[in-house]
Amino acid sequence: MIFEVRTAEFLGALLGALPDGWNGSWTGPQLHDHREEELRLKDLARDANAWAGFLRPDETTGPGARLLLSLGDTDVRYGAVIGLLSGADDSSSMFIYSPGGLADIGGEFHRLPRSSTPEHVAHVLCRLTRAADQRSVEDHLMEAAAVGRHATGWFPGERIVVLDLETTGLSTDDDRIVEAAWLLADHRALAWKSALVNPGVPIPVDAYDIHGIDDVLVAADGADPRDALDELTGTLAKHIADGATLVVFNRTYDLPLLDAECRRHSLPTLTDRLAQPVQAIDPMRIRQQTRYRGSNTLAALAELHSPGNLAAHSALGDCLATWDVLAHLCLHEGKAIVRHLARRREGGRSDTPLTVRDLLASSTSW
C-alpha cells in the first residue's frame, strides 16, 4: 500500500497497526466544513514553516496529515504530521514531523521510504514515542535527584534499588529480556540506568503490543545480552551489598527470569554474587494484602501514585512508578501492613512502626 497524503485507507491501517492500548486519529480534508478545512490548512502551513529548516536544498514537501496519538483513555499525548517528501532527482519518500515530542537523533523531522507499509510507519512512531517517553522519565529523575521526590524518611531503611524488566513473553523458562532498568533512591533519585537488550530471538507481536519494542529496534540499539546481564546483576549486587533493599514489582516473575537468563549465558546469578538468598520488596504483593479492591497492575497504580509519569511498560518508567507506589504504601498504608502481619504472627503487635522486615514479610506471605 503506497502512501498518499490524502489516503484515508493508509492512515486508517497505520492507526490500526499501533501497539495494543494505543489510540489514534487523523485530521483529513474537511470537504464539507470550509471553516475547519481553513484552520487545518493554516496549521499545516505553520508546521511546514517549522520543518523547513530540516529540509535539504533539493527537497520539497506537500500538505501532510496530522496524527493525534494517546495511550489508553488518556488525553492526546503526541501530535505528529505525516506527509510526502520529494527531491530534485525525482526521488520521493515520507516524513514524520512533530513540533515537540517525536524526534529522531537529527531533530524533529524523520525520513522514511515512501514504500513503507502502515505497519512499518507504526513501528517508527512507536520507536519515537518510546524515545520521547524516555526523555520524559529522565526529566522526572533529574528533578528528583535535585530536589527530591518523596518526604525524607519515607522508607524505613537506608535506600532502595528498583529493578524492572521488559521481555518477549511470560515464561520464565523460555522468554528473554529485551529491556532492563534499575533505579537507586532514598527520598531522591541517586542513580539509574536503562538498556535495550537484543534477545537473539524474534519478539512476538503480543509482546510488542505491550512494550513497543520490536526486532528492528533491538537490532539497531540493543546490547549483547551476556554483556547487559553481567553489568545489570553486578550493579544490583553492589548496591544491595552497600545497604540498598531490592524492590521489584511482581518479584515472582522478574527475579526467576533474571536468574534463568544468567544461567542461559553462563553468568553468576544475583544469589551467586551475593552468596545468600535474594530478598525483595514487592509492592504488588503488599497492596494485594492491604487493599482488596481496584486493579493491582503497575500501570493502574502509576496513574494514581506516579504523577506525570506516562511511560507505562518502559523499564525505567516502571522503575519510577514502582518507587512512587512503594512510597505511597509506606506513607499511607504502613499501619495496615503492620496490622496484617500482626494477625498472621502469634503474639504480634499492631502498634509498632513499619520496618523493612515488615515490607519483606508482606512481599512473600499470604
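Our structure's up above, just so we're on the same page.
First, a word on what this report is: a plain description of the structure on this page. (Residues numbered from 1 in each chain as written. Predicted model: local features only at pLDDT ≥ 70, side-chain atom pairs only at ≥ 80, totals over all residues. Heavy atoms only, no water.)

1. Focus: the overall build of the chain
Helix and strand content of the chain: 13 helices and eleven strands. Residues counted as buried form 50% of the 366 residues belonging to the chain. Once local pairs closer than 6 in sequence are excluded, the contacts in the chain between residues at least 24 apart make up 64%. (Helix = DSSP H or I, 4+ residues; strand = E, 2+ residues; numbered from the N terminus. Buried < 20%, exposed > 50% of the residue type's maximum accessible area, 1.4 Å probe, protein only. Contact = heavy atoms within 4.5 Å.)

2. A word on the sheet that holds strand S10 (residues 244–248)
Taken together, five strands build an open sheet; the order of strands is S9-S8-S7-S10-S11 and the sheet is mixed. Only two strands of the sheet have a single partner each, and these edge strands are strand S9 (189–196) and strand S11 (280–281). When S10 meets S11, the two strands line up parallel, connected through two bridges. By the bridge assignment, Val 247 is partnered in S11 with Ile 281. Against the sheet, helix H3 (residues 118–147) engages strand S8 (177–185) and S9, with an angle of about 165 degrees to S9. Together, strand S7 (159–167), S8, S10 and S11 form the strand contacts of helix H7 (residues 251–264), whose direction differs from that of S7 by roughly 75 degrees. (Pairing = 2+ DSSP bridges. Axes fitted to C-alpha atoms, helices over the stretch in contact; angles between N-to-C directions.)

3. Details of the packing of aromatic side chains
As enumerated under the stated definition, the model contains three aromatic pairs in all. Here the aromatic rings of Phe 54 and Phe 109 are separated by 5.9 Å at their centres, their planes lie at 5 degrees, and the arrangement is stacked. Note that Phe 54 is positioned in the loop between helix H2 (34–51) and strand S2 (59–61) and Phe 109 in strand S6 (residues 109–113), a separation of 55 residues in sequence. Since its relative accessible area comes to 3%, Phe 109 is described here as buried. Seen from their ring centres, Trp 154 and Phe 155 are 5.3 Å apart, and the 45 degrees between their planes marks the pair as tilted. Among the aromatic residues, those joined into a ring-pair cluster are Phe 54, Phe 95 and Phe 109. (Phe/Tyr/Trp six-rings, centres within 6.5 Å; stacked < 30°, edge-to-face > 60°.)

4. Here's the deal with the packing of helix H1 (residues 8–16) against H3
Where H1 meets H3, the axes come as close as 8 Å, and the angle between the chain directions of the two elements is 50 degrees. Here H3 runs oblique to H1, going by the angle between their axes. Like other packed secondary-structure pairs, H1 and H3 cross with a definite hand, here right-handed. Across from Phe 10, Ala 13 and Leu 14 in H1, the residues of H3 making contact are Pro 118, Val 121, Ala 122 and Leu 125. Looking at the contact of H1 with H3 residue by residue, the classes come out as seven nonpolar, no polar and no charged. (Parallel < 35°, antiparallel > 145°, perpendicular 65-115°, else oblique. Left-handed = near helix turned anticlockwise from the far one by under 90°. Nonpolar A, V, L, I, M, F, W, Y, C, P; charged D, E, K, R; others polar.)

5. Focus on unusual backbone geometry
In this model, Asn 250 sits at a positive phi of 65 degrees, which is unusual for a non-glycine residue. Along the chain, Asn 250 turns up in the loop between S10 and H7. Since its relative accessible area comes to 24%, Asn 250 is described here as partly exposed. Within the chain, Ala 275 stands out as a residue other than glycine whose phi angle is a positive 60 degrees. Along the chain, the position of Ala 275 falls in the loop between helix H8 (270–274) and S11.

6. Considerations on the pattern of salt bridges
Applying the stated criterion across every chain, the model contains eleven salt bridges. The shortest N-O distance in the salt bridge between Arg 127 and Asp 221 comes to 2.9 Å. Taken together, the residues Arg 127 in helix H3 and Asp 221 in helix H5 (residues 215–221) connect sequence positions 94 residues apart. Taking the relative accessible area as the measure of exposure, Asp 221 reaches 42% and is therefore partly exposed. A salt bridge links Asp 324 to Arg 149; its shortest N-O distance comes to 2.8 Å. (Salt bridge = Lys/Arg side-chain N within 4 Å of Asp/Glu carboxyl O.)

7. Some details on the environment of Leu 316
With respect to the element layout, Leu 316 can be found in helix H11 (residues 315–332). Relative accessible area serves as the criterion here: at 0%, Leu 316 is assigned to the buried category. Separated by 134 residues in the primary sequence, Leu 316 and Trp 182 have C-alpha atoms spaced 6.9 Å apart. When neighbours within four sequence positions are excluded, Leu 316 is seen to be in contact with Gln 134, Val 137, Glu 138, Leu 141, Ala 181, Trp 182, Trp 192, Lys 193 and Ser 194.

8. So, the nonpolar core
In this structure, Leu 141, Phe 155, Ile 160 and Trp 323 are the most contacted members of the largest nonpolar core, which totals 40 residues. Examining the composition of this core, we find that eleven residues originate from one element, H11, more than from any other. When sequence neighbours within four positions are dropped, the list of residues in contact with Leu 141 reads Leu 183, Ala 189, Trp 192, Leu 316, Leu 320 and Trp 323. Counting residues in hydrophobic clusters, the runner-up holds 27 residues, among them Ala 180, Trp 182, Leu 236 and Val 278. (Core = buried A, V, L, I, M, F, W, Y, C linked by side-chain atoms within 4.5 Å.)

9. Focus on helix H6 (residues 225–241)
Given a rise of 1.5 Å per residue, 17 residues ought to cover 24 Å, and the 24 Å separating the end C-alpha atoms of H6 matches this to within 8%. Against S7, S8, S10, H7 and H8 lie the buried residues of H6. For H6, the side-chain oxygen to backbone nitrogen distance between the N-cap and Arg 226 is 3.1 Å, and the N-cap itself is Asp 224. Two residues or fewer past H6, Gly 243 is found with a positive phi of approximately 115 degrees. (Expected span 1.5 Å × (residues − 1). Polar contact = N/O pair within 3.5 Å; in protein donor to acceptor, adjacent residues only side chain to side chain.)

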